[in-house]
Amino acid sequence: MAVEFDGGVVVGSDSRVSAGEAVVNRVFDKLAPLHERIYCALSGSAADAQAIADMVHYQLELHSLDMDEAPLVLAAASLVKGVSYKYKEELSAHLMVAGWDRKKGGQVYGTLGGMLTRHPFAIGGSGSSYIYGYVDAAYKPRMTPEECRQFTKNAIALAMSRDGSSGGVIYLVTITKSGAVEQVFLGDEIPKFYDE
Amino acid sequence: MVTGTSVLGVKFDGGVVIAADMLGSYGSLARFRNISRIMKVNDNTVLGASGDYADFQYLKQVIDQMIIDEELLGDGHSYSPKAIHSWLTRAMYSRRSKMNPLWNTVVIGGFYNGESFLGYVDMLGVAYEDPTLATGYGAYLAQPLMREVLEKKPILTKDEARDLIERCMKILYYRDARSFNRYELAIVTEKGVEVEGPLSVETNWDIAHLIRGFE
């Protein structure tokens, strides 16, 4: 999940990797850095998602050296879109790109199915089906960074509680002009809701 | 259909303990998070079921009625755990032979005439007894742990059995994507049946702090 605020973005994920009913990794960090102030959130096939993230990380590094400046979030998103679209029949992953750049500040892009769309916030992954109602109801424009973090944590916690393919801990990254701050939330630090 | 995951069973000196979490899954959706998959059959026997929850409720109805009918007979006898296990084996096998199985794997635990009983029956009518039992994912994740403990110490105390079950429930909560951190424990001794719950395992996610990215 990724949410934009004035001056940056918050990106969050759960940590479960499953192969059918088996939990293969319960502490996997699904927030992959594409550049210093651009992250992507991985979902779908872990192998495919990692492959795309690695490719775009490499391409962005070259691109930013060419341009001699930090890459635009749109550039990162376009690169991800490029791979996702070209190999859409072969790949089974969805990467959400979010970050901060000088030109447009905080931005969130979805690349589902090889499209490129910008959103104030975006959710993805199997658990997202269960929280469309929650995010639509709870989202307010112009939230502060702390409100965005709480919104993200709440949404992911709710999804983790209902989706068998989601669980573990919550990884959060807050990206602003000053850089990216990574956090982990475990056990009691994860928001609790009605679960009977 | 709504399904339940693993059921665990361990014998100890003076009784048996069985455990099952309180989740009814609808595919990958954790649909019902507070249902009981354990039933008390009578004062010597308990039954835990994994698989289809509707079929478990039907079984429960049938068994409850059997117990009532026996009470009405008033002959001083009550069904032994072995008798329930034997009957269930026949019932499940009969349904499977009609190509209409009760889609469950059942663990029956009991204490009768000074002896612990722990039996397994599945939807094919396959049945056996063992000092440790586990259905579903538990068979792959928990059974090896349980067997390892019993190999070193064949006769456990009640507390050791309970600790073993708790350890196994923790592993299952970590590694079974269809599990939930709320479970019930049923303990049968000569004193009767005690169903404890809802209980939760203490989880440790500290290793998450050591992870950054995936390289």
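Here, the structure is the one placed above.
Note that this is a predicted model, so its numbers are computed, not measured. (Residues numbered from 1 in each chain as written. Chains lettered and ligands numbered in written order. Predicted model: local features only at pLDDT ≥ 70, side-chain atom pairs only at ≥ 80, totals over all residues. Heavy atoms only, no water.)

Overview of the packing of aromatic side chains
(1) Moving on: Overall, the coordinates contain 9 aromatic pairs over all chains when judged by the stated rule.
(2) Moving on: Taken together, a centroid distance of 5.6 Å and an interplanar angle of 45° make the contact between B:Tyr53 and B:Phe56 tilted. Taken together, the positions of B:Tyr53 and B:Phe56, both in helix H1 (residues 53–73) and 3 residues apart, correspond to about one turn of that helix. One exposure class covers both B:Tyr53 and B:Phe56, and it is buried.
(3) Moving on: The rings of A:Phe121, A:Tyr134, A:Tyr139 and A:Phe151 are connected pair by pair, giving a single aromatic cluster.
(4) Moving on: Sitting over the face of the ring of B:Tyr174, A:Arg26 holds its NZ or CZ atom 3.6 Å from the ring centroid.
(5) Moving on: One residue, A:Arg26, lies across the ring of B:Trp205, its end atom 4.9 Å from the ring centre. (Phe/Tyr/Trp six-rings, centres within 6.5 Å; stacked < 30°, edge-to-face > 60°. Helix = DSSP H or I, 4+ residues; strand = E, 2+ residues; numbered from the N terminus. Buried < 20%, exposed > 50% of the residue type's maximum accessible area, 1.4 Å probe, protein only. Lys NZ or Arg CZ within 6 Å of the ring centre and 35° of its normal.)

Structural notes on the packing of helix H1 (residues 46–67) of chain A against helix H2 (residues 73–86) of chain A
All names here are of chain A.
(1) Moving on: Two elements in contact, H1 and H2, have axes whose closest approach is 10 Å; the angle formed by their N-to-C orientations is 135°. The orientation of H1 relative to H2 falls into the category oblique. Crossing handedness for the pair H1 and H2: right-handed. Contacts between H1 and H2 involve Ile 52, Met 55, Val 56, Gln 59, Leu 60 and His 63 from the first element and Ala 75, Ala 76, Leu 79, Val 80, Val 83 and Ser 84 from the second.
(2) Moving on: Its residues assigned to classes, the contact of H1 with H2 comprises 9 nonpolar, 3 polar and no charged. (Axes fitted to C-alpha atoms, helices over the stretch in contact; angles between N-to-C directions. Parallel < 35°, antiparallel > 145°, perpendicular 65-115°, else oblique. Left-handed = near helix turned anticlockwise from the far one by under 90°. Contact = heavy atoms within 4.5 Å. Nonpolar A, V, L, I, M, F, W, Y, C, P; charged D, E, K, R; others polar.)

Description of the sheet that holds strand E13 (residues 192–199) of chain B
What holds strands together in a sheet is hydrogen bonding between their backbones, with the strands either parallel or antiparallel.
All names here are of chain B.
(1) Moving on: Taken in spatial order, the 5 strands of this open sheet run E11-E2-E3-E12-E13, and their pairing is antiparallel. Looking along the sheet, the strands with just one partner apiece sit at the ends: strand E11 (132–134) and E13. In this sheet, neighbouring strand axes are inclined to one another by 15° on average, regardless of whether the strands run parallel or antiparallel.
(2) Moving on: Pairing geometry for strand E3 (residues 15–21) and strand E12 (residues 183–189), over 7 bridges, is antiparallel. Residue pairing across strands places Ala 20 opposite Glu 184, the latter belonging to E12.
(3) Moving on: The sheet contacts of helix H3 (residues 138–152) involve strand E2 (7–12) and E11, and relative to E11 the element is tilted by about 170°.
(4) Moving on: Running over the sheet, helix H4 (residues 158–175) touches E2, E3, E12 and E13 and is turned about 160° from E2. (Pairing = 2+ DSSP bridges.)

Comments concerning the sheet that holds strand E10 (residues 121–122) of chain A
Residues and elements named next belong to chain A.
(1) Moving on: Strands sit in the order E10-E1-E2-E11-E12 across an open sheet of 5 strands; the sheet is antiparallel. The strands lining the two open edges of the sheet, one partner per strand, are E10 and strand E12 (179–185).
(2) Moving on: With 2 bridges joining them, strand E1 (residues 2–5) and E10 adopt antiparallel strand pairing. Opposite Ala 2, over in E10, you have Ala 122 as the bridge partner.
(3) Moving on: Here helix H4 (residues 145–162) sits on the sheet and contacts E1, strand E2 (8–13), E10, strand E11 (170–176) and E12; the angle it forms with E11, its principal contact strand, is near 155°.

Brief notes about the pairing of E2(B)
All names here are of chain B.
(1) Moving on: The buried fraction of E2 is high, at 5 of 6 residues.
(2) Moving on: Bridge count for E2 against E3 is 6 bridges, and the pairing is antiparallel. Each residue of the ladder has a partner; that of Lys 11, found in E3, is Val 16.
(3) Moving on: From the end of E2 to the start of E3, which pair antiparallel, there are 2 residues, and Gly 14 there has a positive phi angle of about 110°.
(4) Moving on: Across 3 bridges, E2 lies against E11 in antiparallel orientation. Bridging across to E11, Leu 8 finds its partner in Ala 134.

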